[in-house]
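Commentary on secondary and tertiary structure
Single-letter residue listing:
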Amino acid sequence: MSSLCGLSIVNYLTICYYNHKKVHQLIKKRIIVVNGRTVRTPKEKVAETDEVTINGGKTAYQKCHYFLMNKPKGVLSTTENRSQRTVISLLDPQDRYQGIVPVGRLDKDTTDLLLLTNDGQLNHELLAPNKHVAKIYHAKIAGVADSNTVKTFATGMTLGDGTKLKTVTFNVLKQDVENGSSEIEIEISEGKYHQIKRMFSAVGMEVVELERVSMGKLRLPDDLKRGEYVEIDVDEIK
Ligand code: URA
């Protein structure tokens, strides 16, 4: 596990403290100070031993951690919830580092690959729409997905609320015309709210099971059971 991430002021502060946008705002406000010198550019370099203050308050350098989780059903991919279990509650207490968040959201009933990290810069890079990080899902569908469905999805459909989607790659793995069900593999590069469920709903079908198989090059180890997680190296992601 590499312990140090990039050390621009943005990288430094997006570990645990703030998101990318907020750090840029703080730089513009000229309230970040490194060893007594006001930071004026996001490119400013910071060493682990430097004293960094925000509005006079001291910060402490934190290590980045990356956990790959096999998310079970029935767990929210948020950081806090008063009445329901969250993916953070599945981490051992010693792994609940400050700033650890899931990278993107999976629905409560969606399972499998979920990355959790306190590396805000990497989180931003994996989710930014212009980075087009591919996410592959397997889904069981109530409905017969066929070549017409493939065509509709492949041309970049528009959802009922006007959301225009990018093209997606879509393969039918199994089709049971008698029972009206299918199994499919779908690759999307965006992460719109309930995207896959809404896509199928728009063509009159329902997603009954959804698993995320990969995100970029990341895949779950074969022996990682639902609810389990492993710490990985940042190089495995990049
Ligand atoms: N699309 C969905 O509809 N749900 C998810 O959890 C992920 C993608």
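Take the sheet that holds strand β2 (residues 37-38) next. Neighbouring strands of a sheet are bound in pairs by backbone hydrogen bonds; such pairs are parallel or else antiparallel. What the four strands build is an open sheet, ordered β2-β1-β3-β4; its pairing is antiparallel. The open sheet terminates on both sides in strands that have one partner only, identified here as β2 and β4 (57-58).

Here we come to the environment of I237. Looking at the secondary structure, you find I237 in helix α6 (residues 234-237). According to the relative accessible area criterion, I237 is buried, its value standing at 11%. With 162 residues separating them along the chain, I237 and V75 place their C-alpha atoms 24 Å apart.

Okay, the domain arrangement of the protein chain next. Each assigned domain of the protein chain is listed here: domain 1 (7-58), domain 2 (66-129 + 218-237) and domain 3 (134-215). Here the C-alpha centroids of domain 1 and domain 2 sit 26 Å apart. The partner domain 2 presents seven residues to the six residues of domain 1 that form the contact. Summed over both sides, the interface of domain 1 with domain 2 buries roughly 580 Å², with 51% coming from carbon and sulfur. Our enumeration of links across domain 1 and domain 2 arrives at zero salt bridges. Applying the counting criterion to the domain 1 and domain 2 interface returns one residue pair in polar contact (both at pLDDT 80 or more). Its residues assigned to classes, the side of domain 1 that touches domain 2 shows three nonpolar, three polar and no charged.

Each value, and the rule that gives it
- Residues numbered from 1 in each chain as written.
- Predicted model: local features only at pLDDT ≥ 70, side-chain atom pairs only at ≥ 80, totals over all residues.
- Heavy atoms only, no water.
- Pairing = 2+ DSSP bridges.
- Helix = DSSP H or I, 4+ residues; strand = E, 2+ residues; numbered from the N terminus.
- Buried < 20%, exposed > 50% of the residue type's maximum accessible area, 1.4 Å probe, protein only.
- Domains from an automatic or database assignment.
- Contact = heavy atoms within 4.5 Å.
- Buried area = accessible area lost by both parts, 1.4 Å probe.
- Salt bridge = Lys/Arg side-chain N within 4 Å of Asp/Glu carboxyl O.
- Polar contact = N/O pair within 3.5 Å; in protein donor to acceptor, adjacent residues only side chain to side chain.
- Nonpolar A, V, L, I, M, F, W, Y, C, P; charged D, E, K, R; others polar.

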